[in-house]
Amino acid sequence: MTQAIDAPAAAAFVSARRPTTRVLLAGGIAAGPLFLGAGAVQGLTRDGFDFTRNAISQLSLGDLGWIQVTSFLLTGALAIAGAAGIRRALAGAAGGRWAPRLIRVFGASFLLAAVFTADPGAGFPAGSPDAPAASLSWHGGLHMLSAMVGFLALCASFLMLARHFAARRQRGWALGSRLVPLGVLAGFAASSATVLAFTAGAALGLLWLTAITARLATAAPVAQN
């Protein structure tokens with residue numbers, strides 16, 4: 001049984017929901033800058049860390065590792081909140097069903113990365129062997145697997161969002177949402193040559209998530225649920 005809702009009541013309902021949706025979208029906007037900013041500050045101040053040799057994930061190790069673990073947890077929670085906001089903003093739109101789900105998987109991968117830490121190596125933490133780890137530990141393997149699944153899900157979400165932007169004839173955003181996944185995957189593919197390529201690919205994905213979430217926050221209508 002359904003109950004009719006008059007126009008003023010419906011408008012009031014949408015108005016009441018709008019602040020919550022914007023707060024959720026703000027989480028998605030903040031996730032990337034928080035993670036990258038925290039990683040940059042730590043990387044520049046912690047002994048033995050070298051951006052040309054070490055991945056940001058390794059900052060979870062050592063006495064101050066709790067800072068990076070916290071960064072993983074906050075980033076994951078903010079990305080999941082952003083996914084909820086995107087779901088509301090894109091309700092009924094092209095790509096509006098799968099994009100938020102995939103971004104939620106991406107957020108969950110950060111939570112797993114906080115629990116299953118990366119392996120030491122390449123001189124970090126201080127006192128570790130200068131050479132990269134010869135093989136992955138079980139937790140290091142799970143860390144890498146969660147990162148791989150998470151960023152693949154993020155790339156897939158961008159392709160879903162490209163459909164939304166294309167349907168609205170926002171060609172620049174649609175093109176960017178198709179090209180950024182290529183940049184992310186290229187960075188990951190080149191990580192065997194230099195860890196900076198991996199960092200750059202991850203940063204590109206995180207910053208594009210910030211950009212498109214901000215775009216949706218300013219341009220998309222807010223759904224009623």
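All of these numbers come straight from a predicted model, not from anything done at the bench.

Caption draft 1: Focus on the packing of helix α4 (residues 138-167) against helix α6 (residues 195-219). Between α4 and α6, whose axes approach to 11 Å, the crossing angle comes to 35°. Considering how the two elements wind past one another, α4 and α6 form a crossing that is left-handed. Of the residues in α6, those touching α4 at F151, L154, F158, L161, H164 and F165 are A202, G205, L206, W208, L209, I212, R215 and L216.

Caption draft 2: Spatial organisation of a nonpolar patch on the surface. Together, V105, W138, L142, L145, M148, V149, L152 and L185 make up an exposed nonpolar region whose accessible area comes to about 730 Å². The element best represented in the nonpolar patch is α4, accounting for six residues.

Caption draft 3: Region of the structure containing the nonpolar core. Of all hydrophobic cores here, the largest spans 37 residues; its most connected members are F35, F106, F110, F151, F158 and L161. In terms of residue count, α6 provides more of this core than any other element does, eight residues in total. Residues in contact with F110, not counting those within four places in the same chain, are F35, F72, T75, G76, F151 and L206.

Here is what the cut-offs are and how they apply
Residues numbered from 1 in each chain as written. Predicted model: local features only at pLDDT ≥ 70, side-chain atom pairs only at ≥ 80, totals over all residues. Heavy atoms only, no water. Axes fitted to C-alpha atoms, helices over the stretch in contact; angles between N-to-C directions. Helix = DSSP H or I, 4+ residues; strand = E, 2+ residues; numbered from the N terminus. Left-handed = near helix turned anticlockwise from the far one by under 90°. Contact = heavy atoms within 4.5 Å. Patch = residues over 30% accessible without salt bridge, like charges linked within 9 Å, V, L, I, M, F, W, Y side chains within 5 Å. Areas by Shrake-Rupley, 256 points an atom, 1.4 Å probe, with all protein chains shown as cover. Salt bridge = Lys/Arg side-chain N within 4 Å of Asp/Glu carboxyl O. Core = buried A, V, L, I, M, F, W, Y, C linked by side-chain atoms within 4.5 Å. Buried < 20%, exposed > 50% of the residue type's maximum accessible area, 1.4 Å probe, protein only.

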